[in-house]
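A look at the structure
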Amino acid sequence: GIVFRHYSLPASERRALFNRVRATAPRRRHLLLLAGPDWQARAWGADGSHGRMRGRGLHSAPVHCLREIRAAERPGAAFLFLSPLHATRSHPGAEPLGPKRFAELARKTRLPVIALGGMDMEKARALPVLGAYGWAGIDAWAQSPGRQKRKAVPT
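This is a predicted model, so every value here is computed, not measured. (Residues numbered from 1 in each chain as written. Predicted model: local features only at pLDDT ≥ 70, side-chain atom pairs only at ≥ 80, totals over all residues. Heavy atoms only, no water.)

1. Points about the overall build of the chain
- When helices and strands are counted, the chain shows six helices and seven strands.
- Computed over the C-alpha atoms, the radius of gyration of the chain is 16 Å, within 12% of the 15 Å expected from 2.2 N^0.38 for a compact globule of 155 residues.
- For the chain, the spread of C-alpha atoms along the principal axes amounts to about 45 × 40 × 30 Å.
- When burial is assessed residue by residue, the chain has 37% of its 155 residues classed as buried.
- Long-range pairs, those at least 24 residues apart, make up 38% of the contacts in the chain between residues at least 6 apart in sequence.
- Put simply, the chain shows about 9700 Å² of open surface, and 55% of that area lies on carbon and sulfur atoms. (Helix = DSSP H or I, 4+ residues; strand = E, 2+ residues; numbered from the N terminus. Rg over C-alpha atoms; globule rule 2.2 N^0.38 Å. Buried < 20%, exposed > 50% of the residue type's maximum accessible area, 1.4 Å probe, protein only. Contact = heavy atoms within 4.5 Å. Areas by Shrake-Rupley, 256 points an atom, 1.4 Å probe, with all protein chains shown as cover.)

Structure (structure tokens):
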């Protein structure tokens, strides 16, 4: 699936890019969640929303600690993005949870937990023993010069 964020874009560019992604997602059998309020996700035709706010329909939430896990469970999140498991460029200076703390937190909820933060194919192999349902990334999917594209392996 795809969590569409792109907050830095001007509103009209963000919407245009979202529409292009929305046209492609079903063909690739991807769910498309819009980061933002539920009403906006519905208005834009997303499959659901992503964020800390309460909403109707399919909803995922970002969490970093037990307090945030409990807060996400109350409004009925369908799954959680727990981060950062490892150091990550998208949140420089953020203290990573590390495998032990990640596993402790993942086991304190009944919701599926998606690992986020410094993830790649190699690190994903360790996730089943940490209690993760799967993983997500930004740099892991970006193509850079000299980097070979590799197919993801679900955990």
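2. Examining unusual backbone geometry
- At the junction of Ser-83 and Pro-84, the peptide bond is cis and its omega measures out at -10 degrees in the coordinates.
- The backbone of His-6 shows a phi angle near 50 degrees, a positive value even though the residue is not glycine.
- Inspection of the secondary structure puts His-6 in the loop between strand E1 (2-4) and helix H1 (11-24).
- Phi angles above zero are rare outside glycine, and Arg-29 is one such case at about 60 degrees.
- Residue position: Arg-29 is located in the loop between H1 and strand E2 (32-35).

3. A short note on the side chain of Thr-88
- Residue position: Thr-88 is located in the loop between strand E5 (79-82) and helix H4 (98-106).
- Within the structure, the side chain of Thr-88 is placed 3.1 Å from the side chain of Ser-90, a separation counted as a polar contact.
- Ignoring anything within four residues of it in the chain, the contact list for Thr-88 reads Gly-117 and Gly-118. (Polar contact = N/O pair within 3.5 Å; in protein donor to acceptor, adjacent residues only side chain to side chain.)

4. Describing the side chain of Glu-68
- Looking at where Glu-68 falls in the secondary structure, it is placed in helix H3 (residues 66-73).
- If sequence neighbours within four positions are ignored, Glu-68 has contacts with Arg-52, Pro-62 and Val-63.

5. Structural notes on the sheet that holds E5
- Strand order in this open sheet of seven strands is E1-E2-E3-E4-E5-E6-E7, and the pairing throughout is parallel. Here the strands that pair on one side only, and so sit at the sheet edges, are E1 and strand E7 (134-135).
- Looking at chain direction, E2 and strand E3 (residues 48-50) are connected through three bridges and run parallel. The residue of E3 that forms the bridge with Leu-34 is Ser-49.
- Packing of H1 onto the sheet brings it into contact with E1 and E2, and relative to E2 it is tilted by some 165 degrees.
- Strands in contact with H3 are strand E4 (59-63) and E5; relative to E4, the strand with the most contacts, it is inclined by about 165 degrees. (Pairing = 2+ DSSP bridges. Axes fitted to C-alpha atoms, helices over the stretch in contact; angles between N-to-C directions.)

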